[in-house]
Amino acid sequence: PGKTCAWIAWRVESKPKICQTAKSSDGTRAKDACPLACGTCPACDVSEVRLSDFEAWRREEGFWWGKYTFLDENGDPYESSTWNYEYQHYWGFIHMELVGNSLKQRNVF
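Note that the structure is predicted; figures quoted are calculated from it, not measured.

Scoring rules and cut-offs
- Residues numbered from 1 in each chain as written.
- Predicted model: local features only at pLDDT ≥ 70, side-chain atom pairs only at ≥ 80, totals over all residues.
- Heavy atoms only, no water.
- Helix = DSSP H or I, 4+ residues; strand = E, 2+ residues; numbered from the N terminus.
- Core = buried A, V, L, I, M, F, W, Y, C linked by side-chain atoms within 4.5 Å.
- Buried < 20%, exposed > 50% of the residue type's maximum accessible area, 1.4 Å probe, protein only.
- Contact = heavy atoms within 4.5 Å.
- Patch = residues over 30% accessible without salt bridge, like charges linked within 9 Å, V, L, I, M, F, W, Y side chains within 5 Å.
- Areas by Shrake-Rupley, 256 points an atom, 1.4 Å probe, with all protein chains shown as cover.
- Salt bridge = Lys/Arg side-chain N within 4 Å of Asp/Glu carboxyl O.
- Disulfide = S-S within 2.5 Å.

Visitor: An account of unusual backbone geometry is needed here, citing residue identities and associated values.
Guide: Not every positive phi belongs to a glycine, and His-89 is a case in point at roughly 60 degrees. In this fold, His-89 is placed in strand E2 (residues 88–99).

Visitor: Account for the nonpolar core, with residues named and values stated.
Guide: Ile-8, Val-12, Ile-18, Cys-19, Ala-30, Cys-34, Ala-37 and Cys-38 form the largest nonpolar core, which has eight residues in total. Sorting the residues of this core by element identifies helix H1 (5–12), helix H2 (18–21) and helix H4 (35–38) as the ones contributing at least two each. Those residues in contact with Val-12 that sit more than four places away from it in its chain are Ile-18, Cys-19 and Ala-37.

Visitor: Account for a nonpolar patch on the surface, naming residues and giving values.
Guide: A cluster of nonpolar side chains, contributed by Phe-63, Trp-65, Trp-91 and Phe-93, occupies part of the molecular surface with about 570 Å² of accessible area. Listed by contribution, the elements that provide at least two residues to the nonpolar patch are strand E1 (62–69) and E2. Turning to its location among the elements, Phe-93 is positioned in strand E2. Taking relative accessible area as the criterion, Phe-93 reaches 34% and is therefore assigned partly exposed.

Visitor: Lay out the state of the cysteines in plain terms, naming residues and giving numbers.
Guide: Covalent bonding between the sulfur atoms of two cysteines is what defines a disulfide. The final tally for this structure, using the stated rule, is two disulfides. Note that Cys-5 is cross-linked by a disulfide to Cys-34, the S-S spacing being 2.0 Å. Because the torsion about its S-S bond is -80 degrees, the bridge between Cys-5 and Cys-34 counts as left-handed. Taken together, the residues span a long stretch of sequence, with Cys-5 in helix H1 and Cys-34 in the loop between helix H3 (30–33) and H4 at a distance of 29 residues. A relative accessible area of 34% places Cys-5 in the partly exposed class. Across the disulfide, Cys-19 is cross-linked to Cys-38 (sulfur-sulfur distance 2.0 Å). Where Cys-19 bonds to Cys-38 through sulfur, the torsion about that S-S bond is close to -90 degrees, and the disulfide is left-handed. Of this pair, Cys-19 sits in helix H2 while Cys-38 is found in helix H4, placing the two residues 19 residues apart along the sequence. If the cysteines joined by disulfides in the protein chain are listed in sequence order, their pairing comes out as 1-3, 2-4.

As structure tokens, this is what we get:
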């Protein structure tokens, strides 16, 4: 009970036939319920993907502007030993454009 696709993925290395034999309580085989874990996903041709088909990507397209801060690994404003300007609170804009299966981004700071 409680066997998930994560459990199937964990077991498939030691028991490759588990995708054929394991079934849910309603009779669905693991290969159908967990295609990623069982390697039965249909092939994806990335040349056929159009990012503009997805709402989340369409929302990103366009011009974005704002005030930026470049932070170091500790979350503090980055301090350069060679650049005499601050890396915090500077203005810039970003242009993002969807082209087929690619996102083009141009940053101007």
